[in-house]
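Residue-level listing of the chains:
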Amino acid sequence: MLGSLPAALARLGDTVGVVAPRYRGVLLPRERIWDAMPVHVGPHSFTAGIDQVVRHGVRYFFVDIPALYDRAGLYYDAGGDYGDNHIRFAALCQAAIGIARHIFHPSVFHAHDWQAGLLPLYLRENFRGDPTFFKTRTVLTIHNLGYQGNFPAGALRDLGIHPALFHPEGVEFYGRLSLLKAGIIWADAITTVSPTYAREIQTPEFGFGMDGLLRSRADKLTGILNGVDYSEWNPEHDRYIPAHYSARDLSCKRACKLALLQEAGLPADTGKPLLAVISRLAYQKGMDLAAAAVPWIVSQGAAVVTLGSGEGHLEAVFRGLEAAHPQSVAVNIGYDEALSHRIEAGADMFLMPSRYEPCGLNQIYSLRYGTVPVVRATGGLEDTVDEETGFKFRDYTFEACTGAISAALSAYRNPADWAERMKKGMAKDFSWEASARQYQAVYRSASRSAAEHHF
Ligand code: ADP
């Protein structure tokens, strides 16, 4: 999102800066604009180098504090979550505030997820008397409510949060300190990444314990669909796929399918329906349901290709499916961007049976690639797939899931109807511009409503 939304806002005329940690994986040149910015988090002091990179009219500021960010993983390594994650991301918030005071003067801070959840709190509580920020507003985007940044209560002191704020109407979440909750309470506006998910997180089923809090903030909570980057995801000029095609001329999709079958070690039978899964192998993604459906899919005469990595037991289950059905199931364990493009181009259908899905990207890519999505009707899947472009099921059950796949397989047998369906999906447009305009509206309304609260 931070690779695309800021550029889309800049194209609409906004002045945008992005603050991110200089993780080890950031390979951009070091254009150091500030050698030693002091960053204070509670009793901890750091010195940050600030590197600036300008891309697509957006100033990216990378906060270089090697002791915090120059590590093998982003949030964890083989030993588990880093024990100082709360300090690492509190430092990011403080660095963003420092940049906003001295280098780049935003009228709105847009904080993403628990990692930036402390920013609205720091701004309103720790910088309460600083006139620089009297008119500055904050927007929090929740990308996935399942990740809340909850820490032991002792973290309060580490982060320089006043103990008086540790109560259920403040940063306390069932005895722990929640950085996402801090964002929800102190931000002037809250967004999440699809309209349906914005409604769902206000219910106990999807609320991860925060549904009541979110209901109480319903008037400042908006759902805005993520866009996708069609310069990367377009079968007309995708650099990773063996042949290019479009809604006007679908003929080369068959060549993509043949190449994929060969690469996957499956029989070169392009008449057989090919169903794909590309996903983190995780509970959220419904991969247990996908795995349960695979033998049934094979029994219906279809083939399956999967790409994903994640939970060890799910990786083992998928490997077992490939071993049991070597002529029909190809399983790739790992993360492989190029292969994910070749699968999108080569498959006929794409399965996303998520338990919950804040927005989801692959179903949107699938639409553009003429790869008909079969999805559970939740979150962004509900908002992006309709009866004309894909197949949906509601209940999280084997019967409902295979029922939708069955409908898709029946439809596939009528080539003219199927091609119509593909074309309708390919015509859908989920580019960032429309979403960026909605964010602009949220920034404006945050400024208005906050003005009423703070003055
Ligand atoms: P989430 O962020 O919950 O994992 P999304 O659908 O929003 O799900 O985004 C996931 C992105 O990661 C998609 O672009 C998908 O193609 C990609 N992806 C997931 N797993 C893999 C993988 N094993 N290899 C390549 N790309 C993957």
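Note that the coordinates shown come from a computational prediction; the quantities given were computed from them, not determined experimentally. (Residues numbered from 1 in each chain as written. Predicted model: local features only at pLDDT ≥ 70, side-chain atom pairs only at ≥ 80, totals over all residues. Heavy atoms only, no water.)

Draft legend 1. How the structure looks around the nonpolar core. Counting residues in each nonpolar core, the largest one holds 88 residues, and the members touching the most others are Val63, Leu118, Leu121, Tyr122, Leu159 and Ile184. Here the element with the most residues in this core is helix α3 (residues 85–102); it accounts for 11 residues. The contacts of Val63, once residues within four sequence positions are left out, are Val19, Ala20, Pro21, Arg22, Ala48, Gly49, Ile50, Tyr69, Leu92, Ala95 and Ile99. Counting residues in each nonpolar core, the second largest holds 52 residues, with Val228, Val304, Leu351 and Phe393 among its members. (Core = buried A, V, L, I, M, F, W, Y, C linked by side-chain atoms within 4.5 Å. Buried < 20%, exposed > 50% of the residue type's maximum accessible area, 1.4 Å probe, protein only. Helix = DSSP H or I, 4+ residues; strand = E, 2+ residues; numbered from the N terminus. Contact = heavy atoms within 4.5 Å.)

Draft legend 2. Inspection of the state of the cysteines at higher detail. Enumeration over the complete set of coordinates arrives at zero disulfides. Looking at the unpaired Cys256, the closest cysteine sulfur is the one in Cys252, lying at 7.0 Å. (Disulfide = S-S within 2.5 Å.)

Draft legend 3. Up close: the sheet that holds strand β10 (residues 172–173). The antiparallel open sheet is built from three strands, whose spatial order is β9-β11-β10. For this open sheet the edge positions go to β9 (150–151) and β10, each flanked by a neighbour on one side alone. The strands touched by helix α6 (residues 179–186) are β9, β10 and β11 (176–178); relative to β11, the strand with the most contacts, the crossing angle is about 55 degrees. (Pairing = 2+ DSSP bridges. Axes fitted to C-alpha atoms, helices over the stretch in contact; angles between N-to-C directions.)

Draft legend 4. Region of the structure containing the domain arrangement of the protein chain. As far as domains go, the protein chain holds domain 1 (5–227 + 434–454) and domain 2 (253–429). Residue-level contacts link 16 residues of domain 1 with 16 residues of domain 2. Approximately 1000 Å² of surface area, both sides summed, lies buried where domain 1 meets domain 2, with 57% of it carried by carbon and sulfur atoms. Across the contact surface, domain 1 and domain 2 share seven residue pairs in polar contact (both at pLDDT 80 or more). Split into classes, the residues belonging to the side of domain 1 that touches domain 2 amount to seven nonpolar, seven polar and two charged. (Domains from an automatic or database assignment. Buried area = accessible area lost by both parts, 1.4 Å probe. Polar contact = N/O pair within 3.5 Å; in protein donor to acceptor, adjacent residues only side chain to side chain. Nonpolar A, V, L, I, M, F, W, Y, C, P; charged D, E, K, R; others polar.)

Draft legend 5. A look at the site of the ligand. Taken together, 14 residues lie near the ligand, and Arg280, Lys285, Gly334, Leu361 and Asn362 sit nearest. Take Arg280: an N or O atom from its side chain is 2.7 Å from an oxygen atom of the ligand. Between Lys285 and the ligand, the recorded distance is 2.8 Å, taken from a side-chain N or O atom to an oxygen atom. Protein contact buries 81% of the 560 Å² of open area that the ligand shows by itself. Only β14 (274–281), β15 (303–310) and α13 (362–368) provide two or more residues apiece to the shell around the ligand. (Near = heavy atom within 4 Å. Areas by Shrake-Rupley, 256 points an atom, 1.4 Å probe, with all protein chains shown as cover.)

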